[in-house]
Amino acid sequence: MGCAVSTIIGVMWCRKGCNAAELAGEFAYFPPSPPSYQLTRGPRGQLAITLNEFYFQARHAASLTRAEAEVMELRTHNDVRIPAFFFSYPGAKVTILYSHSNAVDCGFLYRYFAALSPRLGVNV
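A brief report on the enclosed structure follows. Everything quoted here is computed from the prediction, not taken from an experiment. (Residues numbered from 1 in each chain as written. Predicted model: local features only at pLDDT ≥ 70, side-chain atom pairs only at ≥ 80, totals over all residues. Heavy atoms only, no water.)

## What about the overall build of the chain?
Counting its regular elements, the chain contains 4 helices and 4 strands. Starting at the N terminus and ending at the C terminus, the chain contains elements arranged as α-α-β-β-α-β-β-α. Sequence separation of 24 or more characterises 46% of the internal contacts of the chain that already satisfy a separation of 6 or more. Summed over its atoms, the accessible surface of the chain is roughly 8900 Å², and 58% of this surface lies on carbon and sulfur atoms. (Helix = DSSP H or I, 4+ residues; strand = E, 2+ residues; numbered from the N terminus. Contact = heavy atoms within 4.5 Å. Areas by Shrake-Rupley, 256 points an atom, 1.4 Å probe, with all protein chains shown as cover.)

## With respect to the pairing of strand S1 (residues 37-41)
Put simply, side chains in a regular strand alternate between the two faces of the sheet. Both S1 and strand S2 (residues 47-51) contribute to a ladder of 5 bridges, which runs antiparallel. If you follow Thr40 over to S2, its bridge partner there is Ala48. Hairpin connection of S1 to S2: 5 residues between the antiparallel strands, including Gly45 at a positive phi of 90°. (Pairing = 2+ DSSP bridges.)

## Description of the nonpolar core
One finds Tyr37, Ile49, Phe85, Phe87, Tyr110, Phe113 and Val124 to be the most contacted residues of the largest nonpolar core, which totals 16 residues. Per-element accounting of this core gives the leading share, 6 residues, to helix H4 (residues 106-120). (Core = buried A, V, L, I, M, F, W, Y, C linked by side-chain atoms within 4.5 Å. Buried < 20%, exposed > 50% of the residue type's maximum accessible area, 1.4 Å probe, protein only.)

## So, the pairing of strand S4 (residues 81-86)
Of the strand pairs in this sheet, strand S3 (residues 70-75) and S4 are connected by 6 bridges, and their pairing is antiparallel. The residue bridging Leu74 from the neighbouring strand is Ile82, located in S4. In sequence, S3 turns back onto S4 through a hairpin of 5 residues, with Asp79 there showing a positive phi of about 65°.

## Let's talk about the environment of Phe108
Along the polypeptide, Phe108 turns up in helix H4. Overall, the relative accessible area of 36% leaves Phe108 in the partly exposed class. In the structure, Phe108 is positioned 71 residues away from Tyr37 in sequence and 8.4 Å away in space, judged by C-alpha atoms.

## As for the packing of aromatic side chains
Tallying each qualifying case throughout the model produces 5 aromatic pairs. Seen from their ring centres, Tyr37 and Phe85 are 5.7 Å apart, and the 80° between their planes marks the pair as edge-to-face. A residue pair is termed long-range when its members are at least 10 positions apart, and Tyr37 in strand S1 and Phe85 in strand S4 qualify at 48 residues. Grouping residues by exposure puts Tyr37 and Phe85 together as buried. For the ring pair Tyr112 and Phe113, a centre distance of 5.1 Å and an interplane angle of 65° mean the geometry is edge-to-face. Under the relative-accessibility criterion, Phe113 is labelled buried at 10%. Taken together, the ring pairs in this structure connect Tyr37, Phe85, Phe87 and Tyr110 into an aromatic cluster. (Phe/Tyr/Trp six-rings, centres within 6.5 Å; stacked < 30°, edge-to-face > 60°.)

Structure (C-alpha cells):
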C-alpha cells in the first residue's frame, strides 16, 4: 500500500513540474462542484454575480444577488484573474478588507458579507 501511495505522489509531483507548492495545492483545496457562483458580464462589460441555486434556495439566492455587491476581477502579475466583491454602505467611514484563505469559496461568504455590511454600518 505504501509503495502505491508513494508512486501516486511521485507522479503528481512530476505532473506539477516538481513544484512543492503546486503539489501541496492539490491536497489543500477541492473547489465545489458545481461552483457556488458564476460571474457574468453585462452589456457594458460590468461584472455581476449569480449564486448557484444548488447551494442556495432559489428565492434566497435571488434576494442575495440584489444585495448589489460591486463585482470586479483583480489581476495578478501572471494575468490570473481573482474575483472580488465590494459591499458599499452609504456614509461608511470604515472598510473591512477580508482576504480568505485558499480553501474557501467566496460564493459561500457572499451572504455573510451582504448581512455584515449593513449590520456594522461598514463597507466590506
